[in-house]
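# Observations on the three-dimensional arrangement
Here's the letter readout for the chains.
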Amino acid sequence: MNIFYNIIIYLIQPLIWIRLLLRSRKSPAYRKRWAERYGFCKGKVVSGGIMLHSVSVGETLAAIPLVRALRHRYPSLPITVTTMTPTGSERVQSAFGKGVHHVYLPYDLAGSVNRFLDEVNPKLVIIMETELWPNLISALHRRQIPLVIANARLSDRSAKGYQKLGKFIRTILQRITLIAAQNQEDGERFLSLGLKRNQLAVTGSLKFDISVTPELAAKAIALRSQWASRRQVWIATSTHEGEETLLLEAHKELLKAHPTLLLILVPRHPERFPVACELTRKAGLSFIQRSSGEVPSSATQVVIGDTMGELMLLYGIADLAFVGGSLVDRGGHNPLEAAAHAIPVLMGPHTFNFKDICAKLAQDDGLITVTDTASLVKEISTLLTDEDYRLYYGRHAVEVLHQNQGALQRLLHLLEPYLPVRSH
């Protein structure tokens, strides 16, 4: 099976190049830094520290509090954060600047992985969620470098897929030092695939360990008074193709009863920023782009959030939030950043990427589920006109967030044996 895997991964490289080139038509960043994808990163990293891999934006956001805590606890250790996508890369750079080293994780080719590890030579590797790369895992095992899968999740569907790999997946799992699962169900699925119980810990989800800092709250208050001191604001974030049109329709409908209402529309991927502008123009709505630095006038109906790393700030100026990828079948995005601001959170029916989190929020009246434009308009209208209803849902959302925190501290405690003793 291992030989078969290695043959396949080499054979598909030309297809990967074609895919990168196709994606680069919309996002030119996919055309750059190909050498990093094959482990060439000399001079871009510092060896002997902690390496953390987060495949894309969602995992990177969950990793931010962890990276900050590790930098605080182990200030002398360099940290290298790897991603696979340009948007993940931009998120790392906007969150940490020069505070961490950043490169792409190479493809799982034996030569590329070894070349990369020769340069980084980490004391500890942390992989966010569940990226199981056989050659990387085997190389770390051979070099006796501890590997921890943090915030690990494994859906029933993925577990069934892995089950077909039998002994191969069991061998790979048993080479991992520790899996810190988000919940007991995920943990049990790993055990059913051959993970040993002493390799498993259940920590809860790191995604709950976010907070609104006093600095961010102050910036949000200042921006709100500048943009909309006498207007109500709703925000629609992480939107996908097919979703912006529905949301702009909803906004047009809402403006009939709430003529001063402002919408902040934030597409999920940077390549959709110009598309969102065009769709807003076609909808006949007056808009500005956040990147222009302009302040919305009383005539501005939509602000297109086309900057990176500002989502938490923009949530802070809204009265309520719709979280995208959920009205279209993309599985939804993280509702907790909105919940952290104690504002009502709305999502469509497609939330399988955040099934547990959405279930917890919905169970305690911290999430409102809508199914289409009509139900979205109805719910937002009620929230805008009934302040008690709005405050009730916002309060419950932030309470769910607080009740489920603690995963970060549990994880940091689990990492201690693999890192140098802290000097207090």
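Residues numbered from 1 in each chain as written. Predicted model: local features only at pLDDT ≥ 70, side-chain atom pairs only at ≥ 80, totals over all residues. Heavy atoms only, no water.

## Some words on the overall build of the protein
Within the protein one finds 18 helices and 14 strands. Its C-alpha atoms give the protein a radius of gyration of 22 Å, near enough to 22 Å, the size a compact globule of 424 residues would have. Split into buried and exposed, the 424 residues of the protein put 56% on the buried side. Long-range pairs, those at least 24 residues apart, make up 67% of the contacts in the protein between residues at least 6 apart in sequence. If you sum the accessible surface of the protein, you get close to 18900 Å²; carbon and sulfur atoms cover 54% of it. (Helix = DSSP H or I, 4+ residues; strand = E, 2+ residues; numbered from the N terminus. Rg over C-alpha atoms; globule rule 2.2 N^0.38 Å. Buried < 20%, exposed > 50% of the residue type's maximum accessible area, 1.4 Å probe, protein only. Contact = heavy atoms within 4.5 Å. Areas by Shrake-Rupley, 256 points an atom, 1.4 Å probe, with all protein chains shown as cover.)

## Some details on the nonpolar core
When a protein is soluble and globular, its nonpolar side chains tend to lie buried together. Formed by 44 residues in total, the largest nonpolar core has its most connected members in Phe-116, Leu-147, Ile-149, Leu-173, Ile-176 and Ile-179. If we skip the residues at most four places from it in the chain, Ile-149 touches Ile-127, Glu-129, Thr-130, Glu-131, Leu-132, Ile-176, Leu-178, Ile-179 and Ala-180. Residues Leu-216, Ala-321, Cys-358 and Leu-367 belong to the second largest nonpolar core, which totals 39 residues. (Core = buried A, V, L, I, M, F, W, Y, C linked by side-chain atoms within 4.5 Å.)

## Describing the sheet that holds strand 14 (residues 368-369)
Strand order in the open sheet formed by seven strands is 10-11-9-8-12-13-14, and the pairing between neighbours is parallel. Whereas interior strands pair on both sides, the edge strands pair on one side only; in this sheet they are strand 10 (287-289) and strand 14. Bridge count for strand 9 (residues 262-267) against strand 11 (residues 302-304) is three bridges, and the pairing is parallel. When the bridges of strand 11 are listed, Leu-263 appears paired with Val-302. (Pairing = 2+ DSSP bridges.)

## Overview of a nonpolar patch on the surface
Side chains of Met-1, Phe-4, Ile-8, Ile-12, Leu-15, Ile-18 and Leu-22 sit close together on the surface and give an oily, nonpolar patch of about 670 Å² of accessible area. Contributing elements (two or more residues each) for the nonpolar patch: helix 1 (2-11) and helix 2 (13-24). Considering every element that reaches the nonpolar patch, the biggest residue donor is helix 2, with three residues. With respect to the helices, strands and loops of the structure, Leu-22 is situated in helix 2. Relative accessible area serves as the criterion here: at 47%, Leu-22 is assigned to the partly exposed category. (Patch = residues over 30% accessible without salt bridge, like charges linked within 9 Å, V, L, I, M, F, W, Y side chains within 5 Å. Salt bridge = Lys/Arg side-chain N within 4 Å of Asp/Glu carboxyl O.)

## Some points on the sheet that holds strand 2 (residues 79-83)
Sheet architecture is open: seven strands sit in the order 3-2-1-4-5-6-7, paired in parallel fashion. Single-partner strands in this sheet number two, and they are strand 3 (101-104) and strand 7 (200-202). Between one strand axis and the next, the sheet turns through 20° on average, direction left out of account. The pairing of strand 5 (residues 147-152) with strand 6 (residues 178-181) spans three bridges and is parallel. Looking at the pairing, Ala-152 lines up with Ala-181 of strand 6. Strand contacts of helix 4 (residues 86-96): strand 2 and strand 3, with the helix running at about 180° to strand 3, the strand carrying the most contacts. (Axes fitted to C-alpha atoms, helices over the stretch in contact; angles between N-to-C directions.)

## Some words on the UniProt feature "domain: 3-deoxy-D-manno-octulosonic-acid transferase N-terminal" (unreviewed entry) in the protein
Here the UniProt-annotated "domain: 3-deoxy-D-manno-octulosonic-acid transferase N-terminal" (unreviewed entry) positions come out as residues 32-210. Taken end to end, residues 32-210 is 41% helix and 17% strand, and its first and last C-alpha atoms sit 32 Å apart. (UniProt positions renumbered as here; feature names shortened; annotations may be inferred.)

## As for the side chain of Arg-272
Along the chain, Arg-272 falls in the loop between strand 9 and helix 12 (273-282). Using a relative accessible area of 12% as the deciding quantity, one classes Arg-272 as buried. Apart from the residues within four sequence positions on either side, Arg-272 is in contact with Thr-239, His-240, Glu-241, Glu-244, Pro-267 and Leu-279.

## A word on helix 8 (residues 167-174)
For helix 8, the set of buried residues is Phe-168, Ile-169, Ile-172 and Leu-173. Along the long axis of helix 8, the arc covered by the buried residues comes to 130°, so they all point the same way. (Arc of directions from axis to C-beta.)

## Quick word on the pairing of strand 1 (residues 50-53)
Alternating positions in strand 1 separate into two faces, Ile-50 and Leu-52 on one and Met-51 and His-53 on the other, with burial throughout. Here four bridges tie strand 1 to strand 2, and the two strands are oriented parallel to one another. When the sheet's bridge partners are listed, Met-51 is paired in strand 2 with Thr-80. On the question of chirality, the crossover connecting strand 1 to the parallel strand 2 by way of helix 3 (residues 57-73) is right-handed. Across four bridges, the pairing between strand 1 and strand 4 (residues 124-128) is parallel. Within strand 4, the residue paired with Leu-52 across the bridge is Ile-126. (Right-handed = clockwise from strand over helix to strand, strands pointing away.)

## Quick word on unusual backbone geometry
One non-glycine residue, Arg-33, lies in the positive phi region at around 60°. Residue placement: Arg-33 occurs in the loop between helix 2 and strand 1. On the basis of relative accessible area, Arg-33 is assigned to the partly exposed category, the value being 28%. Even without being glycine, Glu-129 reaches a positive phi, approximately 65°. Within the secondary structure, Glu-129 is located in the loop between strand 4 and helix 6 (134-142).

## Observations regarding the UniProt feature "domain: Glycosyl transferase family" (unreviewed entry) in the protein
Within this numbering scheme, the UniProt entry marks residues 246-397 as carrying the feature "domain: Glycosyl transferase family" (unreviewed entry). As annotated, residues 246-397 comprises 42% helix and 14% strand, and the C-alpha atoms at either end are separated by 25 Å.

## What about the pairing of strand 5?
In terms of burial, strand 5 is largely enclosed, as six of its six residues are buried. As paired strands, strand 4 and strand 5 are joined by four bridges and run parallel to one another. Looking across to strand 5, one finds that Met-128 is bridged to Ala-150. On the question of chirality, the crossover connecting strand 4 to the parallel strand 5 by way of helix 6 is right-handed.

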